Number of protein chains: 2
Amino acid sequence: MNNNTKMKIARPAFEVFEAFVDPEKIGNFWFSSSSERWTEGKAIKLRYEEYNAEGDIEVKEIVPGTKIAFEWDYGTMHRVTITFTPDEEGTTLVEVNEEGFTKDIDSIPLIVDNKGGWMYMLTCLKGYMEHGITTLRGALVH
Amino acid sequence: MNNNTKMKIARPAFEVFEAFVDPEKIGNFWFSSSSERWTEGKAIKLRYEEYNAEGDIEVKEIVPGTKIAFEWDYGTMHRVTITFTPDEEGTTLVEVNEEGFTKDIDSIPLIVDNKGGWMYMLTCLKGYMEHGITTLRGALVH
């Protein structure tokens, strides 16, 4: 099964796309750092300084300004697809779809935690893109 | 089973508590309106203008600046407890705990959607409390 989350962000699609792939920008709303620019076929190391955690993604597809697909190990390998669709003037519908969850009782905490993570990231992204705020991230307590 | 979400917000506990119970404030980060001030035993109508939706809560417990507990009909009656715990100087740990979910496969979408909702609300609350931003809410697309 999958987790799907969609949010409107009042910035052009190309700018929102760049916030993910440009390692100078990701630390403003999500992971604290990304080892290099996201391009097709690249393995990228993402670090979350605040939680002393890191993980690797493999970038599978990039359509500039439109789509990012990557895979990461989330217990099993999951595919994450982020799409950027122009909406009203200057506004983008950002959709995150993560596939690969096992639909069983034992997986509920993993699926729920993952949903919370995407929603948090997208809201932090909205705050960064629309207001330049970079301090919403890193505030969860587990 | 329950959904539990915790976030640090850099404002004093009493101010964060007031954002929920004061009907002049809730529209800045969550529902667009609340029928009256939340006090123990009150039935409150919450409206979400953007989604043309409304619902009722019954306030079960209020400890000013510290705790809010209410019940709402989420398929079955659920109890939601929001606690405000002073953390570092001027910072509050806000914890939302919703109890009453059935732990079965068919309930997964409900539990997941609920988690996303709480995470979204808390991040919007953080943006409002720390930066006075009131435009992060109402941007989800279903």
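First, a word on scope: everything that follows refers to the structure included in this document. (Residues numbered from 1 in each chain as written. Chains lettered and ligands numbered in written order. Predicted model: local features only at pLDDT ≥ 70, side-chain atom pairs only at ≥ 80, totals over all residues.)

## Quick word on the packing of helix 1 (residues 13–21) of chain A against helix 2 (residues 108–131) of chain A
Residue and element names in this part refer to chain A.
For step 1, the next point in the chain: Two elements in contact, helix 1 and helix 2, have axes separated by 11 Å at closest approach and are oriented at 120°. With respect to their mutual orientation, helix 1 and helix 2 come out oblique. Our pair here, helix 1 against helix 2, has a crossing hand that is right-handed. Between helix 1 and helix 2, the residues in contact are E15, V16 and A19 and L125, Y128 and M129, respectively.
For step 2, the next point in the chain: For the contact of helix 1 with helix 2, the per-class residue count stands at 5 nonpolar, no polar and 1 charged. (Axes fitted to C-alpha atoms, helices over the stretch in contact; angles between N-to-C directions. Helix = DSSP H or I, 4+ residues; strand = E, 2+ residues; numbered from the N terminus. Parallel < 35°, antiparallel > 145°, perpendicular 65-115°, else oblique. Left-handed = near helix turned anticlockwise from the far one by under 90°. Contact = placed C-beta atoms within 7 Å. Nonpolar A, V, L, I, M, F, W, Y, C, P; charged D, E, K, R; others polar.)

## Focus on unusual backbone geometry
Residue and element names in this part refer to chain A.
For step 1, the next point in the chain: The residue N52 is not glycine, and still its phi comes out positive at about 45°.
For step 2, the next point in the chain: Structurally, N52 is set in the loop between strand 3 (43–48) and strand 4 (53–63).
For step 3, the next point in the chain: Accessibility expressed as a C-beta count within 10 Å gives 7 for N52, which makes it exposed. (Buried ≥ 20, exposed ≤ 12 C-beta atoms within 10 Å, placed from the backbone.)

## Some words on the sheet that holds strand 4 (residues 53–63) of chain B
All names here are of chain B.
For step 1, the next point in the chain: Across the sheet, 7 strands lie side by side as 1-7-6-5-4-3-2; this open sheet has antiparallel pairing. Here the strands that pair on one side only, and so sit at the sheet edges, are strand 1 (2–9) and strand 2 (33–34).
For step 2, the next point in the chain: Of the strand pairs in this sheet, strand 3 (residues 43–48) and strand 4 are connected by 6 bridges, and their pairing is antiparallel. Note on strand 4: the bridge partner recorded for Y48 is A53.
For step 3, the next point in the chain: Where helix 1 (residues 13–21) meets the sheet, its contacts fall on strand 1, strand 5 (67–74), strand 6 (76–86) and strand 7 (92–99), and the angle it forms with strand 6 comes to roughly 150°.
For step 4, the next point in the chain: Docked against the sheet, helix 2 (residues 108–131) engages strand 1 and strand 7, running at close to 15° with respect to strand 1. (Pairing = 2+ DSSP bridges.)

## Some words on helix 1 of chain A
Residues and elements named next belong to chain A.
For step 1, the next point in the chain: Of the positions making up helix 1, those classed as buried are A13, V16, F17, F20 and V21. Buried residues along helix 1 cover an arc of 135° about the axis, so they all sit on one side.
For step 2, the next point in the chain: Contacts from the buried residues of helix 1 go to strand 1 (2–9), strand 5 (67–74), strand 6 (76–86), strand 7 (92–99) and helix 2. (Arc of directions from axis to C-beta.)

## Concerning the interface of chain B and chain A
For step 1, the next point in the chain: Taken together, the contacts link 27 residues of chain B with 27 residues of chain A.
For step 2, the next point in the chain: Within the residue set of the side of chain B that touches chain A, elements represented by two or more residues are strand 1 and helix 2 of chain B.
For step 3, the next point in the chain: Here the side of chain B that touches chain A gets 13 residues from one element, more than from any other, and that element is helix 2 of chain B.
For step 4, the next point in the chain: For the side of chain B that touches chain A, the residue count by class is 14 nonpolar, 7 polar and 6 charged.

## Concerning the relation of the copies chain B and chain A
Superposing the two chain copies requires a rotation about an axis and a translation along that axis.
For step 1, the next point in the chain: Superposition of chain B onto chain A requires a rotation of 180° combined with a translation of 0.0 Å along the rotation axis, giving an RMSD of 0.0 Å. Within this description, the copies of the chain are treated as partners about a two-fold rotation axis. (Least-squares fit on C-alpha atoms with pLDDT ≥ 70 in both.)

## Topic: the pairing of strand 7 of chain A
All names here are of chain A.
For step 1, the next point in the chain: Of the two faces of strand 7, the one lined by T92, V94, V96 and E98 is fully buried and the one lined by L93, E95, N97 and E99 carries no buried residue.
For step 2, the next point in the chain: Examined bridge by bridge, strand 1 and strand 7 share 8 bridges and lie antiparallel to one another. Bridging across to strand 7, N3 finds its partner in E98.
For step 3, the next point in the chain: Pairing analysis gives 8 bridges linking strand 6 to strand 7, with the strands arranged antiparallel. When the sheet's bridge partners are listed, T83 is paired in strand 7 with E95.
For step 4, the next point in the chain: In this structure, the hairpin formed by strand 6 and strand 7 is closed by a connection of 5 residues, where G90 is found at a positive phi of approximately 75°.

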